[in-house]
Amino acid sequence: MLDPIELQIAMGALRAACEEMGVVLIHSAHSSNIKERRDASTALFDPAGQMMQAEHIPVHLGAMPAAVEAILDEDHSEGVSWILNDPFAGGTHLPDITVITPVLIEGGGLIGFAASRAHHADVGGKLPGSMPADSRGLEGEGVVISPCPLDEATIEELAGRMRQPQERRADLRAQLAANHIGALRLGELAWRMGAERLREAPDAVLEAEDLLEAPEGDLLLRLRAEVRGERLILDFTGSADQHPGNLNCPLAVTHSACLFAVRVLTDPDIPPTAGAYRPIEVRAPHGSILNARPGAAVAAGNVETSSRVADLVLGAFGRAQGQGTMNNLTLGNEDFSYYETLGGGQGACPDGDGPSGVHVAMSNTLNTPVEALEREFPLLVREYALRRGSGGEGRHRGGDGVVRELQALTEMSFSLIAERRRHRPHGAEGGSDGALGRDLIDGQPVAGKLTGTLRAGQRLRIETPGGGGLGNAREPSI
């Protein structure tokens, strides 16, 4: 057994390895979504497919073990990596492509896996950017990649079915480079670890409900959380049935959102490992919106429904809610594809105000800097600012959202997928709710889930939600 000092050294070494993988991926990639926004994650796994360490995007991390599980029983050999994006075979939504590299020692013994998951700017489908707001089946969202070996012929074949194939090739090779670094470091380390803090929480049964804003009307999500000794059972029975549109989650995405929320509620410094997550059980009926059947459209489920799942878990334990949306915007034509998520206000904390204008929760990416956006794409940024006063009042205030207004310089399609346009992020303990988000084209309000065309000169303005406040504003802070 490792002593505490050795354990901390091992944890730091594994974390450093994953961070190094991320640096290689970000600096090797060509698309702005990876190199600027850093919409990518890296992880290391043991030979049984259990996560030892992972870094970067919460919605990726909790679901990545399912991707490794999908190729676990294959025959692995030195230098042969695997690729997939199928949401029902270890993926999340189609733009998130996962590359997995087995790590073998001399003699062929498997000691683990290095994996990277990155959101590609396009993976085919009916709309540039592969994030349609109106898809009703997986086939309309892009190229579906079932788990298969990844070599140069596979890269060429896949890139040829997607827009901007040269960029796709470069980004896939960047993932391979990141995995190579991870495999090298894992060969040097070969540690296993785990940690968890649920035993400190008192036994309790907690319930929460929230609404998901489907175009045709609100959908109910329901949670019953039971803390029982060192176990936490998160039961979503009673939530809406599978959605005919694309708000569905594969179970792995629901699981990922739950793991993020529990990490926030316990100790964010706990490494995201299999040992840390083992006491958590997630239940969602098969065929529900949180455990959809294969073939269901999932583009919005990965980004928006996952955010609401995290809200539900945090709300059940008395936390103020953050913006609860990634404010997904996809722009493009046959010459370019651009995707970004927008930061917003986060919920107030028990010991301080919520942060403003940040990408946290299930996203945890960066913005695309104005200079990079205007240099690479036919767009002008007319305004980018904090949305002052959008956070909820309280003893501790919720964070403010942002305003981002883009002007198209040529005709392009757009797809907007956002939440909290009808229902505010809730405050807690008497704190006020955060402000609703809203979206406008040339000053006229439009729906938060919409696909259309921007003509040259038109302006799209997105005002993101604020976070909920915590506590009565008239009560002094402790």
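In short, a report on the structure. All values derive from a computational prediction rather than experimental measurement.

Turning to the layout of surface pockets, a few remarks are in order. Any empty space left between the atoms is revealed when a probe the size of a water molecule rolls over them. By volume, the largest pocket amounts to about 930 Å³. Residue lining of the largest pocket: 50 residues in total, with Pro-58, Phe-260, Val-264, Val-360 and Ala-361 positioned closest to the centre. For the lining of the largest pocket, the secondary-structure elements that each account for two or more residues are helix H1 (4-28), strand S2 (51-55), helix H3 (58-61), helix H7 (251-265) and helix H9 (299-316). Here the lining of the largest pocket takes five residues from H7, the largest share from any one element. Of the residues belonging to the lining of the largest pocket, the class tally is 26 nonpolar, 17 polar and seven charged. The computed volume of the second largest pocket comes to approximately 360 Å³. Lining the second largest pocket are 18 residues, with Gly-49, Gln-50, Pro-65, His-255 and Ala-274 sitting closest to its centre. Contributions of two or more residues to the lining of the second largest pocket are made by helix H4 (64-71), H7 and helix H8 (274-277).

Judged by nonpolar contacts, the single largest core of 45 residues is most densely connected at Leu-223, Leu-234, Phe-236, Ile-289 and Leu-290. Looking at this core, the elements with two or more residues in it are strand S7 (204-214), strand S8 (217-228), strand S9 (231-235), H7, H8, strand S10 (280-283) and H9. Considering each element in turn, this core owes the most residues, nine residues, to H9. Ignoring any residue separated from it by four or fewer positions in sequence, one finds Ile-289 in contact with Leu-212, Leu-219, Leu-221, Ala-240, Asp-241, Gln-242, His-243, Leu-247, Asn-248 and Cys-249. Ala-17, Leu-25, Val-103 and Ile-111 belong to the second largest nonpolar core, which has 19 residues in total.

Attention now moves to the packing of aromatic side chains. Taken as a whole, this structure holds two aromatic pairs when the rule is applied. Ring centres of Phe-336 and Phe-377 lie 5.7 Å apart, and the angle between their planes is 50°; this geometry places the pair in the tilted category. Taken together, the residues span a long stretch of sequence, with Phe-336 in strand S12 (residues 336-340) and Phe-377 in the loop between helix H10 (370-376) and strand S13 (379-387) at a distance of 41 residues. Of the two residues, Phe-336 and Phe-377, neither departs from the other in class, the shared state being buried. Centroid distance Tyr-338 to Phe-377: 4.8 Å. Interplanar angle 45°. Geometry classified as tilted. Here Tyr-338 is found in strand S12, whereas its partner Phe-377 is found in the loop between H10 and S13, with 39 residues between them in sequence. Here Tyr-338 and Phe-377 have matching classes, each one buried. Members of the aromatic cluster, connected to one another through ring pairs, are Phe-336, Tyr-338 and Phe-377.

Rules and cut-offs
- Residues numbered from 1 in each chain as written.
- Predicted model: local features only at pLDDT ≥ 70, side-chain atom pairs only at ≥ 80, totals over all residues.
- Heavy atoms only, no water.
- 1 Å grid on protein atoms, 1.4 Å probe; cavity = no way out; pocket = protein on both sides within 12 Å on 5 of 7 lines; lining within 4 Å.
- Points joined across faces, edges and corners; volume = space filled by probe spheres on them.
- Helix = DSSP H or I, 4+ residues; strand = E, 2+ residues; numbered from the N terminus.
- Nonpolar A, V, L, I, M, F, W, Y, C, P; charged D, E, K, R; others polar.
- Core = buried A, V, L, I, M, F, W, Y, C linked by side-chain atoms within 4.5 Å.
- Buried < 20%, exposed > 50% of the residue type's maximum accessible area, 1.4 Å probe, protein only.
- Contact = heavy atoms within 4.5 Å.
- Phe/Tyr/Trp six-rings, centres within 6.5 Å; stacked < 30°, edge-to-face > 60°.

As far as function goes, none of this settles anything; it's purely spatial.
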